[in-house]
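Here are the chains, one letter per residue:
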Amino acid sequence: MSANPTAADAVVIGAGVIGSSITFELARRGLNVVCVDKLPAAGYGSTSSSSAIVRFTYSTESSVAMSWEGLHYWRDWSAHVAPSPGEAGDSNQTHDALVEFTTVPMVMFHRSDEPEPPYLPHFRKLGIPHEVAKPDALPTWLDGVDTRQFGPVARFDDADHAFWGEPQVAFDAAIICADAGFVSDPQLAAQNLATAAMSAGASFLFKTTVVEITSSAGDGTTGSGRVSGVVVEDDSGQQHVINAPVVVNAAGPHSSRINALAGVTGDMARTSRALRREVYIGPAPEGYDDRSAFMCGDLDIGVYYRPEKGDNILVSSTEPECDELEWVDPDDYDTVLSEDEFQLNMMRTARRFPNLAIPHSKRGLVSLYDASDDWTPIYDRSMVDGFYMACGSSGNQFKNAAVAGHVMAELITAVEAGHDHDAEALVVTGRHTGMQIDLATFSRLRPVDPDGANTVLG
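Note that the structure is predicted; figures quoted are calculated from it, not measured. (Residues numbered from 1 in each chain as written. Predicted model: local features only at pLDDT ≥ 70, side-chain atom pairs only at ≥ 80, totals over all residues. Heavy atoms only, no water.)

Explain the packing of aromatic side chains residue by residue, including any values.
One pass over the full model with this rule turns up 17 aromatic pairs. A centroid spacing of 5.6 Å and a plane angle of 70° characterise the contact between Tyr-280 and Phe-342, whose relative ring orientation is edge-to-face. On the criterion of sequence distance, the pair formed by Tyr-280 in strand β14 (residues 272–283) and Phe-342 in helix α7 (residues 339–352) is long-range, its members being 62 residues apart. For the pair formed by Tyr-280 and Phe-342, the shared burial category is buried. Ring plane angle 75° and centroid distance 5.9 Å describe the contact between Phe-294 and Tyr-305, whose orientation is recorded as edge-to-face. Of this pair, Phe-294 sits in the loop between β14 and β15 (295–298) while Tyr-305 sits in strand β16 (residues 303–308), placing them 11 residues apart in sequence. As far as burial versus exposure is concerned, Phe-294 and Tyr-305 are alike and both buried. These aromatic residues form a ring-pair network of at least three members: Phe-109, Phe-171, Tyr-288, Phe-294, Tyr-305 and Phe-353. Between the NZ or CZ atom of Arg-351 and the centre of the ring of Phe-163, over which it lies, the distance is 5.9 Å. (Phe/Tyr/Trp six-rings, centres within 6.5 Å; stacked < 30°, edge-to-face > 60°. Helix = DSSP H or I, 4+ residues; strand = E, 2+ residues; numbered from the N terminus. Buried < 20%, exposed > 50% of the residue type's maximum accessible area, 1.4 Å probe, protein only. Lys NZ or Arg CZ within 6 Å of the ring centre and 35° of its normal.)

Residue-level account of the sheet that holds strand β20 (residues 387–391), with values.
Through backbone hydrogen bonds, the strands of a sheet pair up, either in parallel or in antiparallel fashion. Taken together, 6 strands build an open sheet; the order of strands is β9-β2-β1-β13-β20-β19 and the sheet is mixed. Two strands lie at the open edges of the sheet, namely β9 (203–205) and β19 (378–381), each paired on one side alone. Adjacent strand axes in the sheet meet at a mean angle of 15° when their direction is disregarded. One ladder, built from 3 bridges, connects strand β1 (residues 10–13) with strand β13 (residues 247–249); its direction is parallel. Within β13, the residue paired with Val-12 across the bridge is Val-248. Across the sheet, helix α1 (residues 17–27) touches β1, β2 (33–36), β9, β13, β19 and β20, and the angle it forms with β1 is around 165°. (Pairing = 2+ DSSP bridges. Axes fitted to C-alpha atoms, helices over the stretch in contact; angles between N-to-C directions. Contact = heavy atoms within 4.5 Å.)

I'd like a description of the packing of helix α2 (residues 61–75) against helix α4 (residues 119–126), backed by residues and values.
Two numbers describe how α2 lies on α4: the axes approach to 9 Å, and their chain directions differ by 60°. With respect to each other, α2 and α4 are oriented oblique. The way α2 lies across α4 gives a crossing that is right-handed. Facing α2, whose interface residues are Glu-61, Val-64 and Ala-65, α4 presents His-122, Phe-123, Lys-125 and Leu-126. For the contact of α2 with α4, the residue count by class is 4 nonpolar, 1 polar and 2 charged. (Parallel < 35°, antiparallel > 145°, perpendicular 65-115°, else oblique. Left-handed = near helix turned anticlockwise from the far one by under 90°. Nonpolar A, V, L, I, M, F, W, Y, C, P; charged D, E, K, R; others polar.)

Hey, could you go over the pairing of β20 for me, with residue numbers and the actual values?
The buried count for β20 comes to 5 of 5 residues, which makes it a mostly enclosed element. The side-chain alternation of β20 yields two buried faces, one formed by Phe-387, Met-389 and Cys-391 and the other by Tyr-388 and Ala-390. Two strands pair when backbone bridges link them, and β13 and β20 are joined in this way by 3 bridges, in the parallel orientation. Within the sheet, the bridge partner assigned to Val-247 lies in β20 and is Phe-387. Summarising the sheet, β19 and β20 pair through 4 bridges and their orientation is antiparallel.

Provide a residue-level description of the side chain of Arg-352, including the pertinent values.
Mapped onto the elements, Arg-352 comes out in helix α7. Reaching out from Arg-352, the side chain makes a polar contact with the backbone oxygen of Arg-148 at a distance of 2.9 Å. Among the polar contacts listed, one links the side chain of Arg-352 to the side chain of Asp-300, at a separation of 2.9 Å. The contact partners of Arg-352, leaving out residues within four places of it in the chain, are Phe-109, Gly-144, Val-145, Asp-146, Thr-147, Arg-148, Phe-150, Phe-171, Asp-298, Asp-300, Ile-301 and Tyr-305. (Polar contact = N/O pair within 3.5 Å; in protein donor to acceptor, adjacent residues only side chain to side chain.)

Summarise the packing of α2 against helix α8 (residues 401–416); cite the residues concerned and give the values.
The N-to-C vectors of α2 and α8 enclose an angle of 110°; their axes lie 7 Å apart at closest approach. Here α8 runs roughly perpendicular to α2, going by the angle between their axes. Contacts from Met-66, Glu-69, Gly-70 and Tyr-73 in α2 reach Ala-402, Val-403, Ala-404, His-406 and Val-407 in α8. Broken down by class, the residue content of the contact of α2 with α8 amounts to 6 nonpolar, 2 polar and 1 charged.

Can you lay out helix α6 (residues 255–262) for me, pointing to particular residues and giving the numbers?
Since the α-helix advances by 3.6 residues per turn, residues separated by three or four positions end up pointing in the same direction. Taken as a whole, α6 has its buried residues at Ser-255, Ile-258, Asn-259 and Ala-262. The arc that holds every buried residue of α6, seen down its axis, measures 100°, which confines them to one face. Contacts made by the buried residues of α6 are with β1, β10 (208–215), β13, β14, β18 (364–372) and β20. (Arc of directions from axis to C-beta.)

Account for the pattern of salt bridges, with residues named and values stated.
Taken as a whole, this structure holds 33 salt bridges when the rule is applied. Put simply, Arg-148 and Glu-166 hold a salt bridge, and the shortest N to O gap is 2.8 Å. Taken as a pair, Arg-148 in the loop between β6 (131–133) and β7 (173–177) and Glu-166 in the loop between β6 and β7 lie far apart in primary sequence, 18 residues in all. For Arg-148, a relative accessible area of 28% puts it in the partly exposed group. A network of salt bridges, in which partner residues are shared, links Glu-25, Arg-28, Arg-29, Glu-410 and Arg-431. (Salt bridge = Lys/Arg side-chain N within 4 Å of Asp/Glu carboxyl O.)

Here is the structure:
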């Protein structure tokens, strides 16, 4: 394909881990796909800052099924991104290196006198391996952990000094998923997928921005007509048109702008926008090593944590209610770590790990979530024929990147063949597990839950 392609079967906007995965899946189904990204290479945006945690604790059945299916891609990543026999793409594309999946147990603390977490019924129904360990059977690697219940989450300056209060009760159970873990290099994961996509025949245009979504004439009503392609601008300011009957928005924190360009927001019950996030790294607490490290979405203290290379611990916020969310312009936001937030979140972590040494100087990174209003992604078509959305990943969909590519390719194939997805949501069967993934869970039209019962941490 030429350096400036003028036509394609599909254009994917965004070469993060999800956009690269969608490009790969469409290309290996025989479509001529062009992926466009404003950055210089695949995975250079918010993907590169992902904590890359793979876990299964979601409150909806389809989210649990999707994450369990996703694990199986990471376990055999080399097979997933290997060229298929007979692929007609660029035979010179080879993987310099592949990501690795590290198995680390996921722990969620629980009290037996409280309602069970909403993910447990789904675990039992779907057969997700897990253990509910009681106090007399807790693993020895939890010996150095303070299992008292510190919540509700507080800040240093809370008027009632709740942060420093001494808890009166303790968690008496730990729900453990031994098959969880994390991926070594999230940016490399996107590059592996992009390389695989090019081997399958896809093209990538980097340092290129989508400035217009074109469409054919409709009947004059909002959302009528059909997408016909995109207008792109390269870093020299030159513009050209790529005609395509399918356009997929996988633009991460910029996805809301792309949806606005396409004029598809009119019927969306769920939307997304850019949220500034910080991730911190500090020295691991004593005893938190290769044999005893675990991951946790610790809603009780308001942080999640996992081991990080070099005998470190990675820490970030679970967005507790007492912490103000920082919605930003994705092209103009503060990229410097906050000293106050670093100290707060490391001190929260120290409540669980009494021997955690908090560094005097902050270390970590600032990035963006493409956050939906219920923290659940949108994997869907739109009100304009041919325009599809894989957005609102909300910082919890890296784990699902490979299966999301499959889901979106199945959705696009079905809808383009005439399936009315809005009337009857597509149910996708997982390649590896055979589990059913009901895409109604990820619909742009899904209703607002008045009780807030659906969560992304269970």
